[in-house]
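Spelled out from the first residue to the last, the chains are:
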Amino acid sequence: MAAADTSQPVAKAAGENLTRGRSRGRLRRALGTHWYAWTMVAPVVLVLGVIIGWPLVRGIYLSLTDANERNVGRTIGANHIEATYEFVGLDNYTAVLGDPVFLQRLVWTVIWTVACVSVTFTLGLVLANMLNRNFRGRGFYRMALILPWAVPGFVSVFAWRFLFNRDNGILNNLLEGGGIAGVPWLDDPTWAKFAVITVNVWLGVPFMMVALLGGLQSIPGELYEAAEMDGASAWQRFRHITLPGLRAVSMTVILLSTIWTFNMFPVIFLLTRGGPGDATEILVTQAFREAFVESPRDFAGSATWGVLILLLLMMFALVYRRSLRKQGEVW
C-alpha cells in the first residue's frame, strides 16, 4: 500500500516535468524559427508597454487611493510638497457605482454607442454596395465619401459646430429661409443628442464603407451569376450571398466601431462639452471632468471612472468573442 501511495506523486511529478519540457521545446523552436520576427516586434512591445502599460498601472493604483489636487505631490516655486494621499481600497468604486450619476452616464453612453454604430454600419453597407458597381464617376464618389476620414476630427467637429449655430448657423438659415423656425441644435438636450450622433456618424461612415467595400470585393462574382441564373431576386442575393460573405468583416468593424464610439471624447467635448447641462455627458467625458474641470480635481475618482470604462469594454469584448465562437467565427 505504501509503495502505491508513493508512486502516484512520483508519476504526477514526472508528468509535470514532461509537460514543462515540451513547453520549453516548443518555445525554443518558435524562437529559433521566428527569431527575426520576434526581434522586429520587441521594440514595439517595449514602447507600447511604456506608453500604455505604465499609465494603466498608475491609473489602477490611483483608483485605490484618495488622490486629488490638494494631496498629491507638487512643486510650487522652489518648494516641493510631498504627496499625502492614502490607500483607501475599493471605496472609490463603491462610491462611483452607488452614485446615480454613473447609471445615467452609462445608459446614455450605451444608447449613444448603439445608435452611432447601427446607423454607421447601415449607411456604410448601403454606400459600399453602391460603390461596388460599375458606373461613371465611381472614383470621384469614392474620394468624396472618404474625405471626412481624411480631415482631422477636431476640424470636422468645429465645422459642424458652426453649422449647428443657433443664430448664424447655415442649417438654421436654410430653415428660416424656407419659413421654418430655427432649431436649438446645441441648446436643447434632445436636439444636442441628435447633433452629436449625426457628427459621429458622419466621421465613422468612411471607415465602415471602405472596410465593407473591401469585403464585398472579396466575394466571388460567380456566386451572384449562379444565383441570378437560378432566378434569385436582388434581395435574395443580398441576404444569402452578400451578408454571409461580409460576416467576418462585419464582426470586426462592429467591434472596433463600438470601442471607438464608446470612448469618443472629441465629438462630445468639442461639440457640446457634455451640455446642455450634462445631457450629452458620456463616461469618458465624465472621467475628464473629474480630473480637469471639477474643483478640487479628483484624480482618484477620474482613475476609477477610467478603470470601470476599461472593465466594461473588456466584458463586451469577451461576450462578443464568445458569440463569434458559437457562430463558428475564429477570432
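Preceding this section is the structure that the text describes.
As a starting point, this report considers the structure included with it. Keep in mind that what you see is a predicted model, and the values were worked out from it rather than measured.

### Considering the packing of helix α13 (residues 283-292) against helix α14 (residues 299-326)
Interaxial distance between α13 and α14 falls to 7 Å at its minimum, and their mutual angle equals 165 degrees. Relative to α14, the element α13 lies roughly antiparallel. Crossing hand, α13 versus α14: left-handed. Here α13 contributes Leu 283, Val 284, Gln 286, Ala 287, Glu 290 and Ala 291 to the contact with α14, which in turn contributes Phe 299, Ser 302, Trp 305, Gly 306, Ile 309 and Leu 312.

### Some thoughts on the nonpolar core
Judged by nonpolar contacts, the single largest core of 51 residues is most densely connected at Trp 112, Phe 164, Val 196, Val 199 and Leu 271. Within the residue set of this core, elements represented by two or more residues are α3 (91-97), α4 (100-131), α6 (153-163), α8 (189-217), α11 (247-262), α12 (265-271), α13 and α14. Apart from residues no more than four positions distant in its own chain, Trp 112 is found in contact with Val 196, Ile 197, Asn 200, Thr 261, Met 264, Val 267, Ile 268 and Ile 282. Core analysis: the second largest hydrophobic core is formed by six residues, Ala 67, Val 72, Ala 300 and Ala 303 among them.

### Quick word on the packing of helix α5 (residues 138-150) against α8
Interhelical geometry of α5 versus α8 gives an angle of 130 degrees and a closest axis separation of 6 Å. When the interaxial angle is binned, α5 and α8 end up oblique. At the point where α5 passes α8, the crossing takes the left-handed sense. Residues Arg 142, Leu 145, Ile 146, Pro 148 and Trp 149 of α5 pack against Trp 202, Leu 203, Pro 206, Phe 207, Met 209, Val 210, Leu 213 and Gln 217 of α8. Looking at the contact of α5 with α8 residue by residue, the class counts come to eleven nonpolar, one polar and one charged.

Conventions and cut-offs
Every chain is numbered on its own, with residues counted from 1 as its sequence reads. In keeping with the predicted nature of the model, local features appear solely for residues at pLDDT of at least 70, side-chain atom pairs appear and are counted solely at 80 or more, and the whole-chain, interface and lining totals rest on all residues. Values shown for side chains rest on all heavy atoms present in the structure; no hydrogens or waters enter the calculation. Inter-axis angles, ranging from 0 to 180 degrees, are taken between N-to-C directions of lines fitted to C-alpha atoms, where helices are fitted over the stretch in contact. A run of H or I in DSSP counts as a helix once it spans at least four residues, and a run of E counts as a strand once it spans at least two, with each numbered from the N terminus. Note on angle classes: values under 35 degrees are labelled roughly parallel, values over 145 roughly antiparallel, values of 65 to 115 roughly perpendicular, and the remainder oblique. Whether a crossing is left-handed or right-handed is set by the direction in which the near helix is turned from the far one by less than a right angle, anticlockwise for left-handed and clockwise for right-handed. Whether two residues are in contact is decided by their heavy atoms, any of which lying within 4.5 Å being enough. Within this scheme, the nonpolar core is defined by two criteria: the residues are buried Ala, Val, Leu, Ile, Met, Phe, Trp, Tyr or Cys, and they are joined through side-chain atoms within 4.5 Å. Each residue gets one of three labels from its accessible area relative to the maximum for its type: buried under 20%, exposed over 50%, partly exposed in between, using a 1.4 Å probe on protein chains only. For this scheme, ten residues count as nonpolar: Ala, Val, Leu, Ile, Met, Phe, Trp, Tyr, Cys and Pro. Four count as charged, namely Asp, Glu, Lys and Arg, and the remainder, Gly too, count as polar.

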